[in-house]
Amino acid sequence: MNVDIAPPVEHADPVRHFSIRLSATARGARLARHLSAEQLASWGWPYDSEANRTASLLVAELAANAAVHGRVTGRDFRLRLTLHPEDTTLRIELTDARPDRRPPAPGTLAPAGLDTESGRGLLLVEALSTHWGTTCGDPYTKTVWCEVPLG
């Protein structure tokens, strides 16, 4: 008796995750950028690649916002990177302790004034990512996230 045996199904690479809690300070934001660049390099996107530089910039902007606008004394922020291999999209999430201080919704950002020193970070996030937004999963935190193709 012959039995047809289906060939084994080839699975795509699994989704990759990296997560770390860092102090909600300028030093923590700087470390978030360095650690994300290192993680992307270990996943195959070298430091000098456009994908690594873009993702590091996005992490730096979101981490700086978490340290400045989302800071609560004694509370950390969390960096989470999720790489979806099927379309090589990286999701960057920064979770802080200030759900009451939400950024403007995507598409509603006002341009920064020429004489101001701040107010351009989320404009960069909006320009360089395919999607971004804010979620509040519980009453104590908010997560600002964005997605960028590494292709």
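Use the structure listed above.
Read on for an overview of the structure. (Residues numbered from 1 in each chain as written. Predicted model: local features only at pLDDT ≥ 70, side-chain atom pairs only at ≥ 80, totals over all residues. Heavy atoms only, no water.)

Describing the environment of Glu61
Here is the rule: Secondary structure elements are taken from DSSP: a helix is a run of H or I of four residues or more, a strand is a run of E of two residues or more, and numbering for both begins at the N terminus. Two residues qualify as a contact provided that any one of their heavy atoms is within 4.5 Å of a heavy atom in the partner residue.
Residue position: Glu61 is located in helix 2 (residues 50-68). Setting aside residues up to four positions removed in sequence, Glu61 forms contacts with Gly121, Leu124 and Val125.

Looking at helix 2
Our working definition: Here the expected span of a helix is defined as 1.5 Å times the quantity of residues minus one. Think of it in three bands: with a 1.4 Å probe and only protein chains considered, a residue is buried below 20% of the maximum accessible area for its type, exposed above 50%, and partly exposed in between.
Across its 19 residues, helix 2 extends 27 Å between first and last C-alpha, which sits within 8% of the 27 Å expected from 1.5 Å per residue. Along helix 2, the residues that are buried comprise Ala51, Asn52, Thr54, Ala55, Ser56, Leu58, Val59, Ala60, Leu62, Ala63, Ala66 and Ala67. Those residues of helix 2 that are buried lie in contact with helix 1 (26-42), strand 2 (76-84), strand 3 (89-96), helix 3 (121-128) and strand 5 (141-149).

Some details on the environment of Trp45
For Trp45, the location among the structural elements is in the loop between helix 1 and helix 2. Once residues within four sequence positions are removed from consideration, Trp45 is found in contact with Leu40, Ala51, Asn52, Leu83, Thr88 and Leu150.

What to know about the side chain of Asp96
We count it as follows: We call two N or O atoms a polar contact when they sit within 3.5 Å, provided that within protein one can donate a hydrogen and the other can accept it, with sequence-adjacent residues counted only if both atoms are side-chain atoms.
Position of Asp96 relative to the elements: it lies in strand 3. There is a polar contact of 2.9 Å between the side chain of Asp96 and the backbone nitrogen of Arg98. Non-local contacts of Asp96, meaning those with residues more than four positions away in its chain, are made with Ala66, Gly70, Phe77, Tyr140, Thr141 and Lys142.

Some words on a nonpolar patch on the surface
Spelled out, the test is: Here, patches come from residues exposed beyond 30% relative accessible area and free of salt bridges, joined within 9 Å for like charges and within 5 Å for nonpolar side chains (Val, Leu, Ile, Met, Phe, Trp, Tyr). Here the accessible surface of atoms and residues is derived via Shrake-Rupley with a 1.4 Å probe, and residues count as covered only by protein chains that are part of the display. We define a salt bridge as a side-chain nitrogen of Lys or Arg found within 4 Å of a carboxyl oxygen belonging to Asp or Glu.
Side chains of Leu57, Leu124 and Leu128 sit close together on the surface and give an oily, nonpolar patch of about 200 Å² of accessible area. One can find Leu124 in helix 3.

Details of the sheet that holds strand 2
Here is the rule we go by: When DSSP finds two or more bridges between two strands, those strands count as paired. Between the N-to-C directions of two axes lies an angle of 0 to 180 degrees, each axis being a line fitted to C-alpha atoms and, for a helix, fitted only over the stretch in contact.
Strands sit in the order 1-2-3-5-4 across an open sheet of five strands; the sheet is antiparallel. Unpaired on one side and paired on the other, strand 1 (16-23) and strand 4 (131-138) mark the two borders of the sheet. Strand-to-strand twist in this sheet, taken as the mean axis angle between neighbours without regard to direction, amounts to 20°. Inspection of the sheet shows strand 4 paired to strand 5 by six bridges, in the antiparallel sense. Residue pairing in the sheet places Thr135 in a bridge with Thr143 of strand 5. Against the sheet, helix 2 contacts strand 2, strand 3 and strand 5, and its axis sits at roughly 15° relative to strand 3.

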